Amino acid sequence: MLQSEKERAEVYSIGELAREFDVTPRAIRFYEAEGLLAPRREGQRRIYASRDRTRLKLTLRGKRLGLTLSEIRSLIDMYEPGEDQRPQLERFLAVLQTHRGALERQREDIDAQLAEIAAFEKRVRKQLGARRRS
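Residues numbered from 1 in each chain as written. Predicted model: local features only at pLDDT ≥ 70, side-chain atom pairs only at ≥ 80, totals over all residues. Heavy atoms only, no water.

Caption draft 1: Local environment of the overall build of the protein chain. The helix and strand inventory of the protein chain stands at 6 helices and 3 strands. Taken from N to C terminus, the helices and strands of the protein chain fall in the order α-β-α-α-β-β-α-α-α. Over its C-alpha atoms the protein chain spans a radius of gyration of 24 Å, topping by over 25% the 14 Å that the globule rule assigns to 134 residues. With respect to the principal axes defined by its C-alpha atoms, the protein chain has extents near 90 × 35 × 25 Å. Buried residues in the protein chain amount to 25% of all 134 residues. Restricting to contacts in the protein chain with at least 6 residues of sequence separation, those with at least 24 account for 48%. Summed over its atoms, the accessible surface of the protein chain is roughly 10,200 Å², and 51% of this surface lies on carbon and sulfur atoms. The protein chain carries 29 positive and 22 negative side-chain charges, and their two centres are separated by 10 Å. (Helix = DSSP H or I, 4+ residues; strand = E, 2+ residues; numbered from the N terminus. Rg over C-alpha atoms; globule rule 2.2 N^0.38 Å. Buried < 20%, exposed > 50% of the residue type's maximum accessible area, 1.4 Å probe, protein only. Contact = heavy atoms within 4.5 Å. Areas by Shrake-Rupley, 256 points an atom, 1.4 Å probe, with all protein chains shown as cover. Lys, Arg positive; Asp, Glu negative; His and termini not counted. Charge placed at Lys NZ, Arg CZ, Asp CG, Glu CD.)

Caption draft 2: Inspection of the nonpolar core at higher detail. Among the nonpolar cores identified, the biggest contains 18 residues, and Leu17, Ile28, Tyr31, Tyr48 and Leu56 are the most heavily contacted of them. Discounting chain neighbours no more than four positions away, the residues touching Leu17 are Tyr12, Ile28, Tyr48, Arg53 and Leu56. (Core = buried A, V, L, I, M, F, W, Y, C linked by side-chain atoms within 4.5 Å.)

Caption draft 3: Broad picture of a negative patch on the surface. Taken together, the side chains of Glu104, Glu108, Asp109 and Asp111 make up a negatively charged region of the molecular surface. Among the secondary structure elements, Asp109 is positioned in helix H6 (residues 86-133). (Patch = residues over 30% accessible without salt bridge, like charges linked within 9 Å, V, L, I, M, F, W, Y side chains within 5 Å. Salt bridge = Lys/Arg side-chain N within 4 Å of Asp/Glu carboxyl O.)

Caption draft 4: The arrangement of helix H3 (residues 25-33) in detail. For H3, the set of buried residues is Ile28, Tyr31 and Glu32. Across the axial projection of H3, the buried residues extend over an arc of 105°, all falling on one side. Facing away from the buried side of H3, by more than 90 degrees, are the exposed residues Arg26 and Ala33. Considering only its buried residues, H3 is in contact with helix H2 (14-21), strand S2 (40-42), strand S3 (45-49), helix H4 (50-64) and helix H5 (69-78). At the C-terminal side of H3, Gly35 shows a positive phi close to 85°. (Arc of directions from axis to C-beta.)

Caption draft 5: Representation of H5. Here H5 has its buried residues at Leu69, Ile72, Leu75 and Ile76. The buried residues of H5 occupy one face: seen down the axis, they fall within an arc of 130°. In the core, the buried residues of H5 are packed alongside H3, H4 and H6.

Here you go:
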């Protein structure tokens, strides 16, 4: 493969990334504004490197896990290829544990609300049944 072909294979347009990851170009520009991506510019055109592609992939994965953009950015910024991954993995584990705790508390709150709704539904059905018999 010629050097220019290899370089081309490792760069992406905003449209290519949007199609590959099924997101809008606007979302990619938003992640760029938030400091998650840093494409180089050729005039008005954004040129994304494989590093940006990887960061976008990790950003979207973090969003699926429910992490905030600041959590995602701090995790991604810790990553350096070829370096010891232990600090990043420990930080990631801590973020996941914190997030799990928050979700479990939300689930408890939801369960309590559902139980309260069920109690009110039962009470209302009972009142409706009493009125029909009257």
